[in-house]
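# Structural characterization, general
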Amino acid sequence: MTAPDRSSYQSPLADRYASRAMLTLWGPQTRYGLWRRLWLALAESQQALGLAIPDDAIEAMRAHLDDIDFDAVAVYEQKFRHDVMAHVHAFGDVAPAARKFIHLGATSCYVTDNAELILMRRGLALLREKLLDTLDALSVFAREWKDVPALGYTHLQPAQLTTVGKRATLWMQDILLDLADLEHRVTTLPFRGVKGTTGTQASFLSLFDGDHAKVRQLDGLVCQRMDFAASIPVSGQTYSRKVDAQVLGVVAGIAATASKFSGDIRMLQAFGELEEPFEQHQIGSSAMAYKRNPMRSERIAALARFVLSLEPNANQTHAVQYFERTLDDSANRRLAIPESFLATDAILVLMQNVVRGLEVHPARIRRRVDDELPFMATEELIVRFVRAGGDRQEAHEIIRGHSIEAARAVKDGAPRNDMLDRLAADPAFGVSLEDLQAVTDPSRFVGRAPQQVGEFLAEHVAPWLSRDRSGVEREEVRV
């Protein structure tokens with residue numbers, strides 16, 4: 001086994017984070033294998049429409065779709081300073097019968113753009129499967145913890161109670177929105193098709209002796225062979241880079257969903273309510289041996305920030321594609337598009353791992369609920385006072401005074417919120433401690449949260465999870 005080269009920069013996305021499937025998708029073998037398939041589809045379609053391309057040329061192409069001599073390509077590219085022509089010549093070397101027909105009538109963007117669209121569509125499909133796996137894991141978690149009351153927060157301040165499971169449905173709702181966006185984009189993603197140097201199809205019109213109908217048929221046949229419903233209606237040399245922005249908008253949306261999830265987990269772990277997985281020999285801090293840091297969630301946040309920074313880049317690229325195209329998109333897209341997919345793939349690997357290993361601490365959750373619940377129960381306490389014959393305004397003033405004192409005591413180090421004890425001891429309030437405690441059962445303050453979880457899982461999540469996913473490969477990845 002050859003030792004890896006440690007003298008050159010290695011992308012962490014490839015070396016540490018992304019899955020094998022996503023790395024393979026964006027690797028050179030897949031990309032340039034697609035180029036050869038696109039040249040084959042073009043030649044087959046041209047032959048079907050009457051161009052004199054012999055069968056042995058087609059067979060030669062078909063026989064050498066994947067045996068790419070990358071060393072030969074590198075030599076050609078150094079000579080020509082043109083990657084597409086380097087691959088044209090390397091393909092012709094192994095398929096000499098097809099040499100003069102490879103790339104006939106096409107411009108470089110015929111292979112580069114069409115291959116990019118295929119790669120993005122396949123990349124979205126890989127992300128879709130990871131989203132569904134994450135949704136599945138969250139559905140198990142939400143169902144298990146749907147009845148457990150927990151503090152809800154607005155403005156990062158304690159608000160009405162929710163349940164642990166109900167909070168998980170908020171994360172799941174975002175995933176469902178991402179899935180809907182993703183499926184729409186996959187369904188409507190156009191092919192570039194066969195458009196020529198400036199999008200006018202002039203070279204193909206010349207090949208077919210001015211037969212406009214055959215040129216239109218050629219575009220349609222290539223689309224069919226590459227499994228696209230249709231090509232973009234008009235283009236310059238490239239398809240509109242707005243399409244890239246639309247796709248990366250979906251990808252960045254997934255990253256944003258995961259980032260929001262990771263932020264919630266990090267805060268809940270700081271509160272002690274739950275913790276992400278922590279392996280037996282994992283080290284949280286090189287200095288503080290007791291530390292158990294939410295490093296997976298923090299990594300999600302870090303990678304998501306990177307993906308979110310790439311989304312506006314796609315719109316910026318589209319905005320400066322003057323006239324039929326400029327080449328300042330090329331180097332940018334070689335980085336931005338694959339890395340958006342690779343980083344988001346890594347994010348979903350991490351998110352699945354976190355969800356499947358979440359540790360919930362009910363006692364800590366209950367203690368934090370108990371610290372705040374008396375304040376949240378004030379409306380019920382006022383009602384109880386009035387039912388006993390008291391005055392609503394008087395009750396409000398009594399509760400206000402005791403709640404302020406109790407809150408100050410907790411902030412000053414009191415072991416618990418003793419507001420109920422203070423009220424029970426106040427003869428002006430006249431309600432026993434037992435009655436007050438009955439009013440403050442946490443389950444009285446979660447509303448329909450448990451029912452919402454069940455309804456959401458049955459009506460919205462189950463239809464997605466019940467779709468046929470047979471044949472989908474799973475892989476173990478390092479987190």
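I will try to describe carefully the structure that is included in this document. Since the structure is predicted, the reported quantities are computational estimates derived from the model, not experimental observations. (Residues numbered from 1 in each chain as written. Predicted model: local features only at pLDDT ≥ 70, side-chain atom pairs only at ≥ 80, totals over all residues. Heavy atoms only, no water.)

### Points about the overall build of the protein
Rules: Secondary structure is summarised from DSSP: a helix means a run of H or I of at least four residues, a strand means a run of E of at least two, and numbering begins at the N terminus for each. For the radius of gyration, the atom set is restricted to C-alpha positions; the globular benchmark scales as 2.2 Å times the number of residues to the power 0.38. For each residue, the accessible area found with a 1.4 Å probe, counting protein chains only, is set against the maximum for its type, and the residue is called buried under 20%, exposed over 50%, and partly exposed in between. Residue contacts are counted whenever heavy atoms from the two residues lie within 4.5 Å of one another.
What the protein contains, in helices and strands, is 19 helices and 4 strands. For 479 residues, the compact-globule estimate of 2.2 N^0.38 gives 23 Å, and the C-alpha radius of gyration of the protein, at 31 Å, exceeds that figure by more than 25%. The principal-axis extent of the C-alpha atoms belonging to the protein is close to 105 × 50 × 40 Å. Taken across its 479 residues, the protein has 48% of its residues classed as buried. Contacts in the protein between residues far apart in sequence, at least 24 positions, make up 77% of those at least 6 positions apart.

### Notes on the environment of Gly-123
Within the secondary structure, Gly-123 sits in helix α7 (residues 108-144). Each C-alpha atom of the pair Gly-123 and Asp-93 lies 31 Å from the other, and the pair is 30 residues apart in sequence. The residues contacting Gly-123, other than those within four sequence positions of it, are Met-22, Leu-25 and Phe-341.

### Side note on the pairing of strand β2 (residues 157-163)
Rule in force here: Strand pairing is assigned whenever DSSP identifies at least 2 bridges connecting the two strands.
Direction of pairing for strand β1 (residues 149-154) relative to β2: antiparallel, over a ladder of 5 bridges. Note that in β2 the partner of Leu-151 across the bridge is Leu-161. Connecting β1 to the antiparallel partner β2 that follows it, the hairpin turn spans 2 residues, and His-155 within it adopts a positive phi of roughly 60°.

### Notes on the side chain of Asn-114
The test is simple: Any pair of nitrogen or oxygen atoms within 3.5 Å is treated as a polar contact; in protein, a donor-acceptor pairing is required on top of that, and neighbouring residues in sequence qualify only through side-chain atoms on both sides.
Within the secondary structure layout, Asn-114 lies in helix α7. Separated by 2.9 Å, the side chain of Asn-114 and the backbone nitrogen of Gly-193 make a polar contact. Apart from the residues lying within four places of it in its own chain, the contact partners of Asn-114 are Leu-38, Cys-109, Phe-191, Arg-192 and Gly-193.

### As for the pattern of salt bridges
Note the cut-off: Whenever Lys or Arg places a side-chain nitrogen within 4 Å of a carboxyl oxygen from Asp or Glu, that contact is recorded as a salt bridge.
Considering all chains together, one arrives at 26 salt bridges under this definition. Arg-241 is the salt-bridge partner of Asp-329, the closest N and O atoms lying 2.9 Å from each other. Here Asp-329 is found in the loop between α12 (295-319) and α13 (330-356), whereas its partner Arg-241 is found in the loop between α10 (212-225) and α11 (242-271), with 88 residues between them in sequence. Among the ionic pairs, Asp-244 bridges to Arg-333, the shortest N-O distance being 2.7 Å. With a gap of 89 residues between them, Asp-244 in helix α11 and Arg-333 in helix α13 connect regions that are remote in the sequence. Taken together, the salt bridges that share partners define one network made up of Glu-44, Glu-59, Arg-62 and Arg-225.

### Structural notes on the nonpolar core
Inclusion rule: Only buried Ala, Val, Leu, Ile, Met, Phe, Trp, Tyr and Cys residues count toward a nonpolar core, and they belong to the same one when joined by side-chain atoms within 4.5 Å.
Among the nonpolar cores identified, the biggest contains 135 residues, and Tyr-110, Phe-341, Leu-381 and Phe-429 are the most heavily contacted of them. No other element matches the 16 residues that α7 contributes to this core. With residues near it in sequence (within four places) discarded, Phe-341 still touches Met-22, Trp-26, Met-120, Gly-123, Leu-124, Leu-127, Val-247, Leu-248 and Val-251.

### Some words on the environment of Leu-350
Its place among the elements puts Leu-350 in helix α13. Accessibility expressed as a relative area gives 3% for Leu-350, which makes it buried. Separated by 53 residues in the primary sequence, Leu-350 and Ser-297 place their C-alpha atoms 7.7 Å from one another.

### Some points on the environment of Asn-353
By secondary structure assignment, the location of Asn-353 is in helix α13. Note on Asn-353: relative accessible area 24%, which makes it partly exposed. For the pair formed by Asn-353 and Glu-276, sequence separation is 77 residues and the distance between their alpha carbons is 8.7 Å. Of the polar contacts made by the side chain of Asn-353, one reaches the side chain of Arg-296; its length is 2.6 Å.

### Remarks on the state of the cysteines
Note the following rule: Sulfur atoms of two cysteines make up a disulfide when they are within 2.5 Å.
Considering all chains together, one arrives at 0 disulfides under this definition. Cys-223 supplies the cysteine sulfur nearest to Cys-109, a cysteine that is in no disulfide, at a spacing of 16 Å. By relative accessible area, Cys-109 is classed as buried at 3%.

### Considering α11
Stated precisely, the cut-off is as follows: One less than the number of residues in a helix, times 1.5 Å, gives the span that helix is expected to have.
The terminal C-alpha atoms of α11, which comprises 30 residues, lie 43 Å apart, in line with the 44 Å expected from a rise of 1.5 Å per residue. At the C-terminal side of α11, Gly-272 shows a positive phi close to 85°.

### A few points about α10
Operational definition: This arc is built from the directions going out from the helix axis to the C-beta atoms.
For α10, spanning 14 residues, the distance from its first C-alpha to its last is 20 Å, which sits close to the expected 20 Å at 1.5 Å a residue. Restricting attention to buried positions, one finds in α10 the residues Val-215, Leu-218, Asp-219, Val-222 and Cys-223. Projection of α10 onto a plane perpendicular to its axis shows the buried side chains occupying an angular sector of 130°, all on one side. Seen from the open side of α10, the exposed residues pointing more than 90 degrees away from its buried face are Arg-216 and Gln-224. Capping of α10 at its N-terminal end is provided by Asp-211; its side-chain oxygen lies 3.1 Å from the backbone amide nitrogen of Ala-213. Backbone geometry just after α10 places Asp-227 at a positive phi near 65°.

So, to be careful, I would describe these as geometric facts and stop short of saying anything about function.
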